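Below, each chain spelled out in residue letters.
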Amino acid sequence: MRDPKRIDKFCEMLKAYWYMVPDWRFMQLVCNLQAQIGSDGFYLEDDKTMELIEQMLKGVKYVD
């Protein structure tokens, strides 16, 4: 079972990233994250996704 405590940290990271691009709609944010991942992310573990978001927070790379 995955640790439910990861949820708050994940959401906080997602919120921080979204604040960097506040004009994006939520699904636009999700799609652009998928583009950075290089896949739909279905099989990507949350800790790996959080690593990617953390990298993006350090230097925003996004697709318009």
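Given the structure is predicted, the values throughout are model-derived calculations rather than measurements.

For the protein, mean pLDDT is 87; residues scoring 70 or higher make up 92% of the total. Model confidence for the protein, summarised as mean pLDDT per element, is weakest for helix H3 (residues 46-58) at 88 and strongest for helix H1 (residues 6-20) at 93.

Time to look at the packing of H1 against H3. The interhelical angle for the contact between H1 and H3, taken along N-to-C directions, is 30°, at an axis separation of 10 Å. Taken together, H1 and H3 sit at an angle that is classed as roughly parallel. The handedness of the crossing between H1 and H3 is left-handed. Where H1 approaches H3, its residues Arg6, Lys9, Phe10, Met13, Leu14, Ala16, Tyr17 and Met20 are matched on the opposing element by Asp46, Thr49, Met50, Ile53, Glu54, Met56 and Leu57. Of the residues that constitute the contact of H1 with H3, the class distribution is 10 nonpolar, 1 polar and 4 charged.

Conventions and cut-offs
Residues numbered from 1 in each chain as written. Predicted model: local features only at pLDDT ≥ 70, side-chain atom pairs only at ≥ 80, totals over all residues. Heavy atoms only, no water. pLDDT = per-residue confidence, 0-100. Helix = DSSP H or I, 4+ residues; strand = E, 2+ residues; numbered from the N terminus. Axes fitted to C-alpha atoms, helices over the stretch in contact; angles between N-to-C directions. Parallel < 35°, antiparallel > 145°, perpendicular 65-115°, else oblique. Left-handed = near helix turned anticlockwise from the far one by under 90°. Contact = heavy atoms within 4.5 Å. Nonpolar A, V, L, I, M, F, W, Y, C, P; charged D, E, K, R; others polar.

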